[in-house]
Amino acid sequence: MNTMNKIKLLPLIVTFIITDLVAQNENLIHKGDSLFEIKNYVDAKNVYEKLFFEKKVFTNSMLLKMSFIEEGLGNHDKALLFLSYHYNETFDEETLMKINSIAEKNQLSGFEQNDMIYFKNLFKKNKNKIYSFLLLIIVALISFNIQFFKTKTKLAKQNPYFILVTSIFFLLIINFSIIDKEGIISFENVFIMNGPSPGSDVYKILKKGSKIRIRNEENIWYQIDINDEKKYIRKKNVYLIEN
């Protein structure tokens, strides 16, 4: 088979592989759901965790079932993890109430609500709409007449793409400054350090299930914000919540 024929077959091979993987994942989800329905929670948990942790695949229904199982087993850290994923996908108020209920019951930090948290959640919920609206404005401004902006500002005269570059920069700033990564403490009594080193002083000890806000990564450490101070925690002690 010559090179050209191999190239032509490549999309078909990729499509077949993707279709097969999707089918496998759907079968596993169905298997987990069937086990859950007959209250075989241990086996259902094993199936769901393989999908979630290994394959990075989940459904909203599956997340609620996983949180139900983990809460029943007393694993409030994992219950909060799955509920947090569900809330990030659906922004369901009942899910948020459940998260706050578990956090309050176990006296966990990081779940406090304030105006800034409300604003960030509102932004995440409407992120795609906001970005689409801003992009439409950018395109309209550029399409309207770039020459107009050249005559109005000195900076625009120097760079005809000033508006585009500035707008993209603005979008990036919004994305990285507002939507921090979050994590759930996965072990009991985890040390929060003043610096990214095991030899650094211990700043605080957090309980299993507490939530943290992650600002950056440094090798095996997450840089986090606590009381507006820069602190550090080992990555291995955290379940990361993807936004």
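See above for the structure.
Treat the numbers as computed from the prediction; the structure is a model and nothing was measured. (Residues numbered from 1 in each chain as written. Predicted model: local features only at pLDDT ≥ 70, side-chain atom pairs only at ≥ 80, totals over all residues. Heavy atoms only, no water.)

A. Representation of the overall build of the protein chain. Tallying secondary structure elements over the protein chain gives nine helices and seven strands in all. Going through the 243 residues of the protein chain one by one, you find that 35% of them count as buried. Surface accessibility of the protein chain: about 15,500 Å² in total, with carbon and sulfur atoms responsible for 59%. (Helix = DSSP H or I, 4+ residues; strand = E, 2+ residues; numbered from the N terminus. Buried < 20%, exposed > 50% of the residue type's maximum accessible area, 1.4 Å probe, protein only. Areas by Shrake-Rupley, 256 points an atom, 1.4 Å probe, with all protein chains shown as cover.)

B. Expanded view of the packing of helix H2 (residues 41-54) against helix H4 (residues 76-90). Interhelical geometry of H2 versus H4 gives an angle of 55° and a closest axis separation of 14 Å. The orientation of H2 with respect to H4, classified from their angle, is oblique. The chirality of how H2 crosses H4 is left-handed. The segment H2 lies against H4, with Lys 45, Glu 49, Phe 52 and Phe 53 engaging Lys 78, Leu 81, Phe 82 and Tyr 85. For the contact of H2 with H4, a count of residues per class yields five nonpolar, no polar and three charged. (Axes fitted to C-alpha atoms, helices over the stretch in contact; angles between N-to-C directions. Parallel < 35°, antiparallel > 145°, perpendicular 65-115°, else oblique. Left-handed = near helix turned anticlockwise from the far one by under 90°. Contact = heavy atoms within 4.5 Å. Nonpolar A, V, L, I, M, F, W, Y, C, P; charged D, E, K, R; others polar.)

C. Just the nonpolar core, in detail. Residues Tyr 48, Phe 52, Met 62, Leu 80, Leu 81 and Phe 111 are the most contacted members of the largest nonpolar core, which totals 29 residues. Elements that contribute at least two residues to this core include exactly helix H1 (3-37), H2, helix H3 (60-72), H4 and helix H5 (93-105). Ranked by residues supplied to this core, first place goes to H4 with seven residues. Beyond its immediate sequence surroundings of up to four residues, Met 62 is in contact with Ile 29, Tyr 48, Leu 51, Phe 52 and Val 57. Membership of the second largest hydrophobic core comes to 11 residues, among which are Ile 212, Tyr 222, Ile 233 and Val 238. (Core = buried A, V, L, I, M, F, W, Y, C linked by side-chain atoms within 4.5 Å.)

D. Examining the packing of H2 against H3 more closely. Closest axis-to-axis distance for the H2/H3 pair is 10 Å, and the angle between their directions is 130°. In terms of orientation, H2 lies oblique with respect to H3. In this structure, H2 crosses over H3, and the sense of that crossing is left-handed. Every residue of H3 that contacts H2 at Tyr 41, Ala 44, Lys 45, Tyr 48, Glu 49, Leu 51 and Phe 52 is listed here: Met 62, Leu 63, Lys 65, Met 66, Phe 68, Ile 69 and Glu 70. When the residues that make up the contact of H2 with H3 are grouped by side-chain class, the tally is 10 nonpolar, no polar and four charged.

E. Summary view of the environment of Asn 25. Structurally, Asn 25 can be placed in helix H1. Remark: the alpha-carbon pair of Asn 25 and Phe 58, spanning 33 residues in sequence, is separated by 9.0 Å. Non-local contacts of Asn 25, meaning those with residues more than four positions away in its chain, are made with Leu 51, Lys 55 and Val 57.

F. Summary view of unusual backbone geometry. The backbone of Asn 189 sits at a positive phi, close to 55°, despite the residue not being glycine. Structurally, Asn 189 can be placed in the loop between strand S1 (181-185) and strand S2 (190-193). Given the relative accessible area of 49%, Asn 189 is considered partly exposed. Positive phi outside glycine occurs at Asn 227, with the angle close to 55°. Relative to the helices and strands, Asn 227 is located in the loop between strand S5 (221-226) and strand S6 (229-234). Judged by relative accessible area, which is 58%, Asn 227 ranks as exposed.

G. Examining empty space enclosed by the protein more closely. A complete count under the given rule lists two cavities of 30 Å³ or more for this structure. The computed volume of the largest cavity comes to approximately 150 Å³. The wall of the largest cavity is formed by 15 residues, among which Tyr 87, Leu 96, Asn 121, Glu 182 and Lys 211 lie closest to the centre. Mapped onto the lining of the largest cavity, the elements with two or more residues apiece are H4, H5, helix H6 (115-125) and strand S4 (211-218). Partitioned by chemical class, the residues of the lining of the largest cavity number six nonpolar, five polar and four charged. (1 Å grid on protein atoms, 1.4 Å probe; cavity = no way out; pocket = protein on both sides within 12 Å on 5 of 7 lines; lining within 4 Å. Points joined across faces, edges and corners; volume = space filled by probe spheres on them.)

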